Amino acid sequence: MFQQPHYLESFVQAIFDTLDLPEGATIVLGGDGRYYNRQAIQTIIAMAAANGIGKVIVGQGGLLSTPAASNMIRVRAAAAGIILTASHNPGGPDGDFGIKFNTASGGQAPEQMTDAVYARSKTVHQYQIADIAEIDLDKPGDLILNSFTIEIVEPVAEYAELMEQLFDFELIRAALKNNITLHFDALNAVTGPYARKIFCDLLGAPEDSVHNAIPKEDFGGLHPDPNPVDAAHLVDLAMQADAPDLIAASDGDGDRNMILGRGMVVSPGDSLAIMLANTDVAPGYRSGVTGVARSMPTSRAVDTVAEELGVSFYETPTGWRFFCNLLEANAITLCGEESFGTSSSHTREKDGLWAVLFWLNIVAALDQPVDQIVRKHWERFGRCYFQRRDYFIPDVDQAAEMMQALTDRVGALAGTTQYGAAITHADIFSYKDPIDGSTSKNQGIRIYFADGGRIVFRLSGTGTSGATLRVYLDKTEKDIDRLELPMDQALGSLAAAAADIAAIEKFTGLGAPTAII
Ligand code: MG
């Protein structure tokens, strides 16, 4: 699709037309190294020259992780950034490709802007492109062509500098030297060079701490998505008796993270909660946090910590842009979502390596491996068991009918009992943004139980066909003898109640979820 004549060009022209940047503006350009990255960069550079851009800052080799690009936009006061990636989706000639567009804040373009770009892409009938020779993307330095400058910049240094300000590198260096073992897997994607430089060169971790560190156009055939299903090899590693103290991975463009400890995968909700409970270990957060946010379906583990520590708390709809408004207004310092995304006010994107560094800092400061830190956290704050059950529904109409029937029932659910537990409250989540006052309706259905359980239903339409019903279950357990239950015992009746309440099998024929994460 992207390789057909004029396709990429038309879309990029639609971006330039919509943006209407001032003459001579600077933009940041890079990608996650997937198939077609280099060719697309050459095209975009030539188009930038013809569209009145003054300077394009390009990651060496065409590489820039999403959080590093976000940081570079801010540090260099660029007017915008173009990031070539399809995030955690597979790459290669038959894989995915995409264009992400970020504004001067370093954050993703707001929906009005992306809608406008899309509308323009349907009517654009010509594009401007300069006739310039192919640029050597591997050679750092400035190339000046009349009033147009191309700066090829080493992609890691500025990002690494920011990380050094946030975390206690000296402490982490000593811990990695003496007693802490790290296993980071870049999944053949963009974080490889970042991890090598930061973990090995700057923090002194042994070379064999970083795996699959050379970005490949097809990610070596791996699905570069750090979750227990697509990165099952890391779960297997964690289950070994002599597993490293901290195991971690990041996705194709470096914004997601997965943290594992000996014998466990740390749920993203727990990860955020544990970060909030340990901000005092990291120099960048020691002076306090203004607030914390999680997306609505994310486990409520962080709620308990925020309440005990007296930190302002926000529950937002799914979608990173809701965090961005709060970050811009300095209303929050930390935020996270269940789909393996966590970050802070240091950038406007989620940030995979930042999360790993935060964990390394905690492990080094507490001098405990990940699994012990998690268990001690549960003992203090309770454990919020969490599970996401995805039902892939090929027929979109069936999915819509099921959600409609469920929506019609929501008002009558409170006061009823399901699988021995009383429903105390049920609603359709609506969010009023405290910063811009906008309201987002129909953001999922929430059902709360008297025993502390919660079910959330959301229909996700991000696939290219069909729909996915996501059922999120969570339940907080404070009884010290019930902190290590098998998932089925902790959440089994909640799962059965969810299937019943939504009549999933009746509407879709699906007797079991397609995936459990
Ligand atoms: Mg991503």
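Reading the values: rules and limits
- Residues numbered from 1 in each chain as written.
- Predicted model: local features only at pLDDT ≥ 70, side-chain atom pairs only at ≥ 80, totals over all residues.
- Heavy atoms only, no water.
- Helix = DSSP H or I, 4+ residues; strand = E, 2+ residues; numbered from the N terminus.
- Rg over C-alpha atoms; globule rule 2.2 N^0.38 Å.
- Buried < 20%, exposed > 50% of the residue type's maximum accessible area, 1.4 Å probe, protein only.
- Contact = heavy atoms within 4.5 Å.
- Areas by Shrake-Rupley, 256 points an atom, 1.4 Å probe, with all protein chains shown as cover.
- Lys, Arg positive; Asp, Glu negative; His and termini not counted.
- Charge placed at Lys NZ, Arg CZ, Asp CG, Glu CD.
- Salt bridge = Lys/Arg side-chain N within 4 Å of Asp/Glu carboxyl O.
- Polar contact = N/O pair within 3.5 Å; in protein donor to acceptor, adjacent residues only side chain to side chain.
- Donors = N, O, S within 2.8 Å, 3.2 Å for Na, K, Ca; no water.
- Domains from an automatic or database assignment.
- Buried area = accessible area lost by both parts, 1.4 Å probe.
- Core = buried A, V, L, I, M, F, W, Y, C linked by side-chain atoms within 4.5 Å.
- Pairing = 2+ DSSP bridges.
- Right-handed = clockwise from strand over helix to strand, strands pointing away.
- Phe/Tyr/Trp six-rings, centres within 6.5 Å; stacked < 30°, edge-to-face > 60°.

Peer 1: I'd love a proper account of the overall build of the chain, names of residues and values included.
Peer 2: Counting its regular elements, the chain contains 16 helices and 24 strands. Relative to the 2.2 N^0.38 estimate, which gives 24 Å for 517 residues, the radius of gyration of the chain is 23 Å and therefore close to what a compact globule would have. A principal-axis box enclosing the C-alpha atoms of the chain has dimensions of 75 × 60 × 40 Å. A buried classification covers 57% of the 517 residues belonging to the chain. The long-range share in the chain, meaning contacts at least 24 apart out of those at least 6 apart in sequence, stands at 71%. Of the roughly 20,500 Å² of accessible surface on the chain, a fraction of 48% belongs to carbon and sulfur atoms. With 39 positive and 66 negative side-chain charges, the chain shows a separation of 4 Å between the mean positions of the two kinds.

Peer 1: Report on the pattern of salt bridges, specifying residues and quantitative values.
Peer 2: In total, this model carries 28 salt bridges according to the counting rule given. With its nearest N and O atoms 2.5 Å apart, the salt bridge here joins Arg 375 to Glu 484. Note that Arg 375 is positioned in helix α13 (residues 370-381) and Glu 484 in the loop between β23 (467-477) and α15 (487-501), a separation of 109 residues in sequence. Looking at Arg 375, the relative accessible area reads 28%, which means it is partly exposed. Exposure remark for Glu 484: the relative accessible area of 49% places this residue in the partly exposed category. Among the charged side chains, a salt-bridge network with shared partners connects Arg 294, Arg 300, Asp 303, Glu 315, Asp 427, Arg 446, Arg 454 and Asp 474.

Peer 1: An account of the environment of Gly 33 is requested, with residue identities and associated values reported.
Peer 2: Mapped onto the secondary structure, Gly 33 falls in the loop between β1 (26-31) and α2 (37-50). In this structure, the C-alpha to C-alpha distance between Gly 33 and Ala 14, residues 19 residues apart in sequence, is 23 Å. Among residues more than four places away in sequence, those in contact with Gly 33 are Leu 63, Lys 216 and Glu 217.

Peer 1: Explain the environment of Asp 138 to me, and be specific about the residues and the numbers.
Peer 2: On the secondary structure map, Asp 138 appears in the loop between α4 (111-123) and β5 (141-145). For Asp 138, a relative accessible area of 40% translates into the label partly exposed. C-alpha separation for the pair Asp 138 and Gly 24, spaced 114 residues apart in sequence, amounts to 24 Å. When near neighbours in sequence (up to four residues on either side) are disregarded, Asp 138 contacts Arg 38, Gln 60 and Gly 61. Within polar-contact distance, the side chain of Asp 138 engages the side chain of Arg 38 at 2.9 Å.

Peer 1: Which residues make up the coordination of the magnesium ion, and what values go with them?
Peer 2: In ideal tetrahedral geometry, four donors around a metal make angles of 109.5 degrees, whereas ideal octahedral geometry with six donors gives angles of 90 or 180 degrees. Within the first shell, the magnesium ion binds the protein through Ser 87 (OG), Asp 251 (OD), Asp 253 (OD) and Asp 255 (OD), at distances of 2.1 to 2.2 Å. When the donor residues of the magnesium ion are listed from N- to C-terminus, their spacing reads S-x163-D-x1-D-x1-D. Asp 251 gets classed as buried once you look at its relative accessible area, which sits at 0%. Judged by relative accessible area, Asp 253 falls into the buried class, the value being 1%.

Peer 1: Describe the side chain of Asn 102, listing the residues and the values that go with them.
Peer 2: The residue Asn 102 is located in strand β4 (residues 99-103) in this model. When its relative accessible area of 0% is taken as the criterion, Asn 102 is described as buried. Engagement of the side chain of Asn 102 in a polar contact is seen with the backbone oxygen of Gly 106, the distance being 3.0 Å.

Peer 1: Just give me the short version of the side chain of Asp 185, but keep the residues and values in it.
Peer 2: Within the secondary structure layout, Asp 185 lies in strand β7 (residues 182-185). At 10 Å, Lys 216 is the nearest oppositely charged side chain to Asp 185, a buried residue that forms no salt bridge. A polar contact of 3.0 Å, which involves the side chain of Asp 185, links it to the side chain of Asn 212. Setting aside chain neighbours within four positions, we find Asp 185 in contact with His 211, Asn 212, His 233, Leu 234, Ala 248, Ala 249 and Ser 250.

Peer 1: Summarise the domain arrangement of the chain; cite the residues concerned and give the values.
Peer 2: Assigned domains of the chain: these are domain 1 (7-155), domain 2 (158-381) and domain 3 (383-516). Of note, the centres of domain 1 and domain 2, computed from C-alpha atoms alone, are 28 Å apart. If you look at the interface, domain 1 gives 34 residues, while domain 2 gives 31 residues. Ranking the residues of domain 1 by area buried against domain 2 places Pro 67, Asn 71 and His 88 at the top, with a combined share of 23%.

Peer 1: Could you give an account of the nonpolar core, naming the residues involved and the relevant values?
Peer 2: One broad rule of soluble globular proteins: the nonpolar side chains tend to lie buried together. Among the nonpolar cores identified, the biggest contains 75 residues, and Met 163, Phe 167, Ile 198, Phe 199, Trp 354 and Trp 359 are the most heavily contacted of them. Sort the elements by how many residues they give to this core and helix α12 (residues 352-366) lands first, with 11 residues. There are two domains that each give this core at least three residues, and those are domain 1 (7-155) and domain 2 (158-381).

Peer 1: Give a description of unusual backbone geometry that names residues and reports values.
Peer 2: For residues other than glycine, phi is negative in most cases, and the peptide bonds are mostly trans. The phi angle at Leu 187 is positive, at roughly 55°, despite the residue not being glycine. Looking at the secondary structure, you find Leu 187 in the loop between β7 and α7 (191-202). Given the relative accessible area of 1%, Leu 187 is considered buried.

Peer 1: Describe the pairing of β7, and please don't skip the residues or the numbers.
Peer 2: Judged by which residues are buried, β7 turns out to be covered on both faces: Leu 182 and Phe 184 on one side and His 183 and Asp 185 on the other are all buried. The pairing of β7 with strand β9 (residues 246-250) spans 4 bridges and is classified as parallel. Pairing of Leu 182 across the sheet is with Leu 246, part of β9. The sheet contact formed by β7 and strand β8 (residues 210-211) spans 2 bridges and is parallel. Following the sheet pairing, Phe 184 is matched in β8 by Val 210. Where the polypeptide runs from β7 across α7 and back to β8, its parallel neighbour, the crossover connection is right-handed.

Peer 1: Could you give me a rundown of the packing of aromatic side chains, with the residues and numbers involved?
Peer 2: One pass over the structure, following the stated rule, counts 14 aromatic pairs. On the basis of an interplanar angle of 80° and a centroid distance of 5.3 Å, the ring pair of Phe 2 and Tyr 7 is categorised as edge-to-face. Among the residues examined, Phe 2 registers a relative accessible area of 18% and is labelled buried. By relative accessible area, which is 34% here, Tyr 7 ends up partly exposed. Seen in terms of ring centroids, Phe 2 and Phe 97 are 4.9 Å apart; in terms of plane orientation they differ by 70°. Their pairing is edge-to-face. Of the two residues, Phe 2 sits in the segment before α1 (7-19) while Phe 97 sits in the loop between β3 (80-84) and β4, which places them 95 residues apart along the sequence.

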